[in-house]
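Close look at the chain arrangement
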Amino acid sequence: MRIIYYTSGITGSGRIVRGIAIGNALRRKGLDAEYAILSSSDFAFLCDELKFAHREIPLEDEEALSDRNYKSSHLFNELSRLRPDVLIVDLLWFPLYHFIGDLACKKIFLCRQVNDRFFQMELNGGLLDFNPDAFDFVLRIEPFDSKVRMKAISPIIVRNRDELLSREQACARIGLSHNEQNCLIAYNGEPGEYHQVVKEYSYLQEQGYVLKFSSNYENGLFPIADYYNAFDLVVCGAGYNFFWEMIYFNKEAIFVPAVRTFETGQRRMREYRDFDFSQNGADQLVDEYLLS
């Protein structure tokens, strides 16, 4: 079975990390499957850290992916070459709009928090409306309301709880003492935001914390979840991955929310902070949808 995870990831590394999380779940299951991540992300190199296959294609505009031109697009030709048995689409429904019905495979759409504007795109060639019937499964991967009917799975997490390093192991690997009060300041948002967060929260050192800094823009710890047990406090963004990792691993956290085009970290903090789940959504996806 050949499984392809497709996303963009042009802002931050979060979407690539979700693809890696799904790959980890496939490995835990011991499936005899070829798995690869297809993206236009600058962070695809993170796949190499855990030895996942990946393919990069250039970003393409609406003209290249139009009904008239899509057959010459990089995306169409790469998917035609890869010939997946299962295609997992993370958010990016519109690049596939004109040809997804021609793909002879199981198609799964994953959707994190977005506002309803995301499901309608006004382009020069006309109005595109998201068609849930183009997919075998449309899954929301966090608890938000939408005009599009979706089945729910738990948030997708890069590691399971029993896979993290112990406090002693994690501290030893990154040069911290397990007897100190350690604080991680980590941020992977848009370029430049990380340094602003570091500047704003470095005062925690004066409160007795030993600080460790990390960003995927600067060759930071990866997967950073492996080291969470080393830290008594985490300062991080309120994007999908950091937020749900803090909830899943029960970490004390200071969230630094940002507003993006179709989502807000403030909404996660306000509405989802008490959401409780025990099963990693990556495992749920594999068990209930990839193997069904």
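Before any of the text, the structure's been laid out above.
Computed from a predicted structure; not experimentally measured. (Residues numbered from 1 in each chain as written. Predicted model: local features only at pLDDT ≥ 70, side-chain atom pairs only at ≥ 80, totals over all residues. Heavy atoms only, no water.)

Before going further, it helps to spend a moment on the packing of aromatic side chains. Summed over all chains, the structure comprises 26 aromatic pairs. Consider the rings of Phe 119 and Phe 130, whose centres lie 5.3 Å apart with planes at 55 degrees: the pair is tilted. Of this pair, Phe 119 sits in the loop between strand E5 (106–111) and strand E6 (120–123) while Phe 130 sits in the loop between strand E7 (126–129) and strand E8 (137–140), and the two are 11 residues apart along the sequence. The exposure class of Phe 119 is buried, given its relative accessible area of 2%. (Phe/Tyr/Trp six-rings, centres within 6.5 Å; stacked < 30°, edge-to-face > 60°. Helix = DSSP H or I, 4+ residues; strand = E, 2+ residues; numbered from the N terminus. Buried < 20%, exposed > 50% of the residue type's maximum accessible area, 1.4 Å probe, protein only.)

Moving on: the sheet that holds strand E10 (residues 182–186). In any sheet, the strands associate via hydrogen bonds between backbone groups, in a parallel or an antiparallel arrangement. Spatially, E11-E10-E12-E13 is the arrangement adopted by the 4 strands of the open sheet, whose pairing is parallel. The strands lining the two open edges of the sheet, one partner per strand, are strand E11 (210–214) and strand E13 (253–256). Along the sheet, successive strands turn relative to each other by an average axial angle of 15 degrees, direction set aside. In the sheet, strand E12 (residues 233–237) pairs with E13 via 4 bridges, with the strands oriented parallel. Along E13, the bridge assignment pairs Cys 236 with Phe 255. (Pairing = 2+ DSSP bridges. Axes fitted to C-alpha atoms, helices over the stretch in contact; angles between N-to-C directions.)

The next point concerns the pairing of E12. With respect to burial, E12 is a largely interior element, 5 of its 5 residues being buried. As judged from the 3 bridges shared by E10 and E12, these two strands associate in the parallel manner. By the bridge assignment, Leu 184 is partnered in E12 with Val 234. Traced from E12 through helix H6 (residues 240–248) to E13, the parallel crossover comes out right-handed. (Right-handed = clockwise from strand over helix to strand, strands pointing away.)

Moving on to the pattern of salt bridges. Throughout the structure, instances matching the rule amount to 13 salt bridges. The shortest N-O distance in the salt bridge between Glu 142 and Arg 268 comes to 2.8 Å. Of this pair, Glu 142 sits in the loop between E8 and strand E9 (151–152) while Arg 268 is found in helix H7 (residues 265–271), placing the two residues 126 residues apart along the sequence. As far as the burial class goes, Glu 142 and Arg 268 line up, both buried. One salt-bridge network, in which partners are shared between bridges, spans Arg 28, Glu 163 and Asp 283. (Salt bridge = Lys/Arg side-chain N within 4 Å of Asp/Glu carboxyl O.)

Turning next to the environment of Glu 62. Note that Glu 62 resides in the loop between strand E3 (53–56) and helix H3 (74–82). Look at Glu 62 and you get partly exposed, because its relative accessible area is 33%. A C-alpha to C-alpha distance of 9.0 Å links Glu 62 and Phe 94, two positions 32 residues apart in sequence.

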